[in-house]
Amino acid sequence: MAPDSKLQENKSLVGQDKNVFVYESQEFFTENSRVPKWMQNFVTDVFSFITAHYFIWSWPFLGLFYYLYKVTKISTFCMMRGLDYISIAMVALYLPSFFSGAQKTGKGNVWDSLRTSSIWGLMNKFLRIKIIREQELDPKKRYIFGFHPHGIIVLSRLAIFGRNFDDIFPGIKNRLLGASAMYYIPLGRDICLWLGGVDASRSTGEK
């Protein structure tokens, strides 16, 4: 597991402004890791692909529910027919979370341990993240940060996970404003909420 992230000075920039820092995001695997390089690259690529395509996470589960439904319809065994009730129970247990409206509260449903986990070091390696902080910010004030480039997946926002943002701007709580449609995608909405996402409507953003 990678060591704690550190702010590193960029000498050429510091000469112009003492508040300017270059933040080098830490990778998940250390330089002396015993994991083979090919395995590190494989794990990094798989994790990055799955994470970046969170909006299609619901498809495998929908496929599973359909499979269970078909199996129970053609099966004459009581044990197999019981799978139908399992799929119904899984959906029923998830519905309260889906209709909770957490994305409209302004606070969301943050899973801080996941948001700051060192596992995001895999994405740091994949994107080669380097963040330049041009000035310190007062944690008592509120700010709006814009991400560019945006794109359909908004990979740039992944730069704030794994304590990146917390180390650069200590004391400032952040929430990610995302398109309303994202919160109607099963499972995809949950990863957004866990990572600090909320609805991008004006009423939510002002909370």
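From a predicted model like this one, the values you see are computed outputs, not experimental measurements.

Asks: Could you clarify how one ought to interpret the nonpolar core in this entry?
Replies: In summary, soluble globular proteins display a tendency toward joint burial of nonpolar side chains. With 25 residues, the main nonpolar core has Trp120, Phe161, Phe169, Ile191, Cys192 and Leu195 as its most contacted residues. Taken together, the elements giving at least two residues each to this core come down to helix H6 (121–127), helix H7 (164–168) and helix H8 (188–194). Counting residues per element, this core draws most heavily on H8, which supplies 3 residues. Setting aside its immediate chain neighbours within four residues, Trp120 contacts Phe47, Thr51, Leu114, Arg115, Leu158, Phe161, Gly162 and Leu195.

Asks: Would you explain the UniProt feature "transmembrane region" (unreviewed entry) in the chain in this entry?
Replies: Per the UniProt record, "transmembrane region" (unreviewed entry) is found at residues 46–69 and 81–99. Split by type, residues 46–69 is 79% helix and 0% strand. Its first and last C-alpha atoms lie 30 Å apart.

Asks: Any chance you could explain unusual backbone geometry here in plain terms?
Replies: Most peptide bonds take the trans configuration, and most residues that are not glycine carry a negative phi. Non-glycine residue Arg163 carries a positive phi angle of around 75°. Classification of Arg163 by relative accessible area gives partly exposed; the value is 39%. In the Ramachandran plot, Leu187 falls in the positive-phi region, its phi being about 70° despite a non-glycine side chain.

Asks: Please explain the layout of surface pockets as it appears in this structure.
Replies: Gaps left between atoms show up when a probe the size of a water molecule is rolled over them. Taken as a whole, the second largest pocket holds about 240 Å³ of empty space. In terms of lining residues, the second largest pocket is bounded by Ser58, Phe61, Leu62, Phe65, Met90, Val91, Tyr94, Leu95, Pro186 and Leu187. For the lining of the second largest pocket, the elements supplying multiple residues, two or more each, are helix H3 (58–74) and helix H4 (78–98). Broken down by class, the residue content of the lining of the second largest pocket amounts to 9 nonpolar, 1 polar and no charged.

Procedures and definitions
Here, residues in each chain are numbered from 1, in the same order as that chain's written sequence. Only residues with pLDDT of at least 70 get local features here, since the model is predicted, and only at 80 or more are side-chain atom pairs given and counted; chain-wide, interface and lining totals rely on the full set of residues. Side-chain calculation: all heavy atoms of the structure are included, whereas hydrogens and water are not. The definition of a nonpolar core used throughout is a set of buried Ala, Val, Leu, Ile, Met, Phe, Trp, Tyr and Cys residues joined through side-chain atoms within 4.5 Å. Only protein chains enter the accessibility calculation, which uses a 1.4 Å probe; a residue whose area is less than 20% of its type maximum is buried, one above 50% is exposed, and one in between is partly exposed. A helix here means a DSSP run of H or I that spans at least four residues, while a strand means a run of E at least two residues long, and both kinds are numbered starting from the N terminus. Here, two residues are considered to be in contact whenever any of their heavy atoms come within 4.5 Å of each other. UniProt positions are given in the numbering used here, feature names are shortened, and annotations may be inferred rather than shown by experiment. A cavity here means a set of points on a 1 Å grid, drawn over the protein atoms and nothing else, where a 1.4 Å probe fits but cannot get out; a pocket is an open set with protein on both sides within 12 Å along at least five of seven lines, and a residue lines either one if it has an atom within 4 Å of a point. Grid points are joined across faces, edges and corners, and a volume is the space filled by probe spheres set on the points. Charged residues are taken to be Asp, Glu, Lys and Arg, nonpolar residues to be Ala, Val, Leu, Ile, Met, Phe, Trp, Tyr, Cys and Pro, and polar residues to be all remaining types, Gly included.

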